[in-house]
Amino acid sequence: MALSREAYRALEDIVGPENISEEPAILDSYAFQWLAETIRPGQSKFMPRPEAAVLPGSTAEVQAIVKTCNRYKIKVKPYSTGWYFYCAPQTEGVIQLDMRRMDRILEIDERNMFAVVEPYVIAATLQAEVMKLGLNCNVTGAGASCSLLASATSYHGAGPSSIFGGENNQNLLSLEWVMPNGDILRTGSLGSGLGWFCGEGPGPSLRGIVRGMLGAKGGLGVFTKCALKLSPWPGPAELPVEGTVPAYNSPLPDNFRAYSLAFPSWENYFEAYYKIYDNEIGYIAHRQFSMLGTELGTAFWMLYNDPTKTLDDIEEFTQKPEIKKLTEEMKIAFQIVLAGLTPRHLEYQEKVLDEILADTGGWKVAAMSQPAMERFTLLYLIRLGHKNLNFVYNGGWLGTFMQAGPPDYVKGYRHIAEEVTEPYQKKGLLVDCGVDAMMGPVGSMGGGGNCALEQFGYYDVADKESTDAVVSWTKDCVKGAIDKGFVPGKGSHYLAMGMTREQRQSSYASAPWLGMYRWQRKIKGIIDPNDIGDELYPTLDEPGK
Ligand SMILES: Cc1cc2nc3c(=O)[nH]c(=O)nc-3n(C[C@H](O)[C@H](O)[C@H](O)COP(=O)(O)OP(=O)(O)OC[C@H]3O[C@@H](n4cnc5c(N)ncnc54)[C@H](O)[C@@H]3O)c2cc1C
């Protein structure tokens, strides 16, 4: 349903002809999205094509666009860097709001440790700027190329450094929001003209409505600015990078350590999580390198750090005796970075870590403490610039489970993930990288206490059978969790994307937390009377309506 000429001209008058397009090729570049083939008819890699792509340059332009959409009953779908099918139009009749022109760091308050950013400020940019001031930001597990504002206001927000630097839903201070009805709301201290330092007051505190736990995924208006809490960075003003493609590494000063810690059993592994929380050590802590599967992943990381090798060499690598030994050693393991704010602080953390390892029978994996691997691990986890590797095996990747909770809860679904995954790998429908391809933050909130494991499935995006398999695998993962009394997990969100509206409504109506969907219906009724936001802000229709 193409836009009326009148509506198109109204939008063009706001942003100028160079910042709007309805060229099919341009529009398809927005519709082409990761995971689209898992939900779209015929496994198309394209989500519904937007009616137009619009690039606003200011809050005033965003507000004018949203008001125009209300006038012409057009849906609007904003995105920052757009690395997800959640960013794309979910139906016809939608304009895509590409926020890339709003890319400024507006303020860095060194003394109060926060920064104010626009949507297209990626983590790498802010991190590089605040490191000059001895500060750091929480880079989500999606990596350095993603938007901090999107992670704080609209989707998830956890990362490997969350145990020290908080999750971005926690780090969100004041924000500026163009609501679906076109009004602008500034939360917290900003709402009272007192600057950005607090999201809860004096002034409106709307964290729960704005984003809650997971975020509205662009279905509840447009966020144009936000302030983010920063954390201390005891490293150099510029992150040193050495080496060559593809791995690179970072020779950080002596107050940094990076280890891979291995354990004799999962019981001891999760016990170590509690001890790390209780003793408040760790700058970054994440089960990361297992993401490529504990049978194939270790060989991959060793191969990846040899610039003379390619993925074609992986079979040969897995046969090497030293790789076979290391693969066994890394089966029940996670990575940790210690950073000393003072020499004594590092010494304390090292001593505590040794105690924890002694108590849990754990050890530091020697091969991963070799200088080259330690430096690689430091750069990898601090900057998270290698997240393209999620797609390295055959272009398709999807994560399931990831139910967040304390370690004793999370350890309960680990074996289910393995059992459900095995038949798909053995049949060659998903990459046979080891049934344990689980990764996740040791602490997904500041100070720890909460963690999760995400099981990765690698499918061939160019193969119909493999793509079909990843969808049925996701269904099995959700069923496996529910059958054992766990909440459905991340896979259920993906499956919901492929459902009809009626199917989604009936799943909401049967959910134990249906009250939430009802309240969200009420909220949407007030702030989005013309329904210009999409259904990724989930609501349950009034009975009989
Ligand atoms: C390899 C990989 C690993 C990942 N690991 C993690 C992880 O550990 N932690 C995590 O939090 N996420 C993770 N993700 C998910 C990641 O957050 C999303 O893929 C996200 O899309 C990344 O891009 P972005 O942050 O720039 O947001 P975008 O892609 O731009 O948008 C994300 C969502 O927010 C909405 N949105 C964006 N900007 C605005 C705005 N200004 N106003 C209103 N709505 C907006 C979009 O519509 C979309 O629904 C991972 C993704 C990948 C591909």
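Rules used throughout
- Residues numbered from 1 in each chain as written.
- Predicted model: local features only at pLDDT ≥ 70, side-chain atom pairs only at ≥ 80, totals over all residues.
- Heavy atoms only, no water.
- Helix = DSSP H or I, 4+ residues; strand = E, 2+ residues; numbered from the N terminus.
- Buried < 20%, exposed > 50% of the residue type's maximum accessible area, 1.4 Å probe, protein only.
- Polar contact = N/O pair within 3.5 Å; in protein donor to acceptor, adjacent residues only side chain to side chain.
- Near = heavy atom within 4 Å.
- Nonpolar A, V, L, I, M, F, W, Y, C, P; charged D, E, K, R; others polar.
- Pairing = 2+ DSSP bridges.
- Axes fitted to C-alpha atoms, helices over the stretch in contact; angles between N-to-C directions.
- Disulfide = S-S within 2.5 Å.
- Salt bridge = Lys/Arg side-chain N within 4 Å of Asp/Glu carboxyl O.
- Expected span 1.5 Å × (residues − 1).
- Contact = heavy atoms within 4.5 Å.
- Phe/Tyr/Trp six-rings, centres within 6.5 Å; stacked < 30°, edge-to-face > 60°.
- Lys NZ or Arg CZ within 6 Å of the ring centre and 35° of its normal.
- Domains from an automatic or database assignment.
- Buried area = accessible area lost by both parts, 1.4 Å probe.

**A short note on the side chain of Ser-260**
Considering the arrangement of structural elements, one finds Ser-260 in strand β12 (residues 256-262). With relative accessibility at 1%, the residue Ser-260 sits in the buried group. For Ser-260, the side chain forms a polar contact with the side chain of Gln-335, separated by 2.9 Å.

**Some words on the site of the ligand**
Not every one of the 32 residues close to the ligand is listed here, only the nearest: Pro-78, Ser-80, Thr-81, Trp-83 and Gly-157. Between the ligand and the protein, one listed contact pairs an oxygen atom with a side-chain N or O atom of Thr-81 at 2.5 Å. Lys-217 has a polar backbone atom sitting 2.9 Å from an oxygen atom of the ligand. Where the shell around the ligand is concerned, the elements lending two or more residues are β3 (75-79), α5 (148-153) and β10 (222-229). Sorting elements by how many residues they give to the shell around the ligand places β3 first, with three residues. A class-by-class count of the residues in the shell around the ligand yields 17 nonpolar, 12 polar and three charged.

**Details of unusual backbone geometry**
Pro-246 follows Val-245 through a cis peptide bond whose omega is -10°. Not every positive phi belongs to a glycine, and Gln-43 is a case in point at roughly 55°. With respect to the element layout, Gln-43 can be found in the loop between α2 (24-31) and β2 (52-54). A positive phi angle, near 55°, is found at Met-113, a position not held by glycine. Looking at where Met-113 falls in the secondary structure, it is placed in the loop between β5 (105-109) and β6 (114-117).

**Topic: the sheet that holds β5**
Read from one edge of the open sheet, five strands run β5-β6-β10-β8-β9, paired in antiparallel fashion. Each edge of the sheet is formed by a strand with only one pairing partner; in this case those strands are β5 and β9 (184-186). Averaged over all neighbouring strand pairs, the angle between strand axes comes to 10°, with direction disregarded. Bridge analysis of β6 against β10 gives four bridges, and the strand direction is antiparallel. By the bridge assignment for β10, Phe-114 is matched with Lys-229.

**Digging into the state of the cysteines**
Cysteine pairs can be covalently joined through their sulfur atoms, and such a bond is termed a disulfide. Applying the stated criterion across every chain, the model contains zero disulfides. Between Cys-146, a cysteine without a disulfide, and Cys-87, which holds the nearest cysteine sulfur, the sulfur-to-sulfur distance is 9.2 Å. The class of Cys-146 is buried, set by a relative accessible area of 11%.

**Some remarks on the pattern of salt bridges**
Applying the stated criterion across every chain yields a total of 33 salt bridges. Across the pair Lys-411 and Glu-267 runs a salt bridge, and its minimum N-O distance is 2.7 Å. Taken together, the positions of Lys-411 in helix α16 (residues 407-426) and Glu-267 in helix α10 (residues 266-279) put the pair 144 residues apart, joining distant regions of the chain. Look at Lys-411 and you get partly exposed, because its relative accessible area is 24%. The closest approach of N and O atoms between Asp-483 and Lys-479, which form a salt bridge, is 2.5 Å. Within this pair, Asp-483 and its partner Lys-479 are both found in helix α17 (residues 464-483), separated by four residues, close to a single helical turn. Via salt bridges that share partners, Asp-254, Arg-257, Glu-350, Asp-354 and Lys-364 belong to a single interconnected network.

**Topic: α17**
In an α-helix there are 3.6 residues to a turn, and that puts residues three or four apart on one side. Here α17 contains 20 residues, and its C-alpha end-to-end distance of 29 Å stays within 8% of the 28 Å for a straight helix at 1.5 Å per residue. Among all positions in α17, only Ser-466, Thr-467, Ala-469, Val-470, Val-471, Trp-473, Thr-474, Cys-477, Val-478, Gly-480 and Ala-481 are buried. Packing partners of the buried residues in α17 comprise β16 (395-401), α16, β18 (454-460) and α18 (490-497). The distance from a side-chain oxygen at the start of α17 to the backbone nitrogen of Glu-465 is 3.1 Å, and the residue carrying that oxygen is Asp-463. One or two positions beyond α17, positive phi appears at Gly-485, with a value near 85°.

**Description of the packing of aromatic side chains**
Think of a pair of aromatic rings as described by two things: how far the centres are apart, and how the planes are tilted against each other in angle. Under the definition given, this model contains 48 aromatic pairs. A ring pair is formed by Tyr-269 and Phe-334, whose centres lie 5.4 Å apart and whose planes are at 90°; its orientation type is edge-to-face. On the criterion of sequence distance, the pair formed by Tyr-269 in helix α10 and Phe-334 in strand β14 (residues 333-339) is long-range, its members being 65 residues apart. Across this residue pair, the class does not change: Tyr-269 and Phe-334 are buried. Above the ring of Tyr-86, the side-chain terminus of Lys-217 is found at 4.4 Å from the ring centroid. Sitting above the plane of the Phe-317 ring, Lys-320 keeps its charged end 4.7 Å from the centroid.

**Some details on the domain arrangement of the protein**
Reports of interface size often rely on the accessible area that becomes lost once the parts have come together. With domains assigned, the protein is organised as domain 1 (5-98), domain 2 (105-232), domain 3 (256-492) and domain 4 (499-545). The distance between the C-alpha centroids of domain 1 and domain 3 comes to 36 Å. Listed by partner, the interface residues are eight residues for domain 1 and 13 residues for domain 3. Buried surface at the junction of domain 1 and domain 3, both sides included, amounts to about 830 Å², of which 62% is carbon and sulfur. Our enumeration of links across domain 1 and domain 3 arrives at zero salt bridges. Where domain 1 packs against domain 3, one counts five residue pairs in polar contact (both at pLDDT 80 or more). Here the side of domain 1 that touches domain 3 is built from residues that sort into four nonpolar, two polar and two charged.

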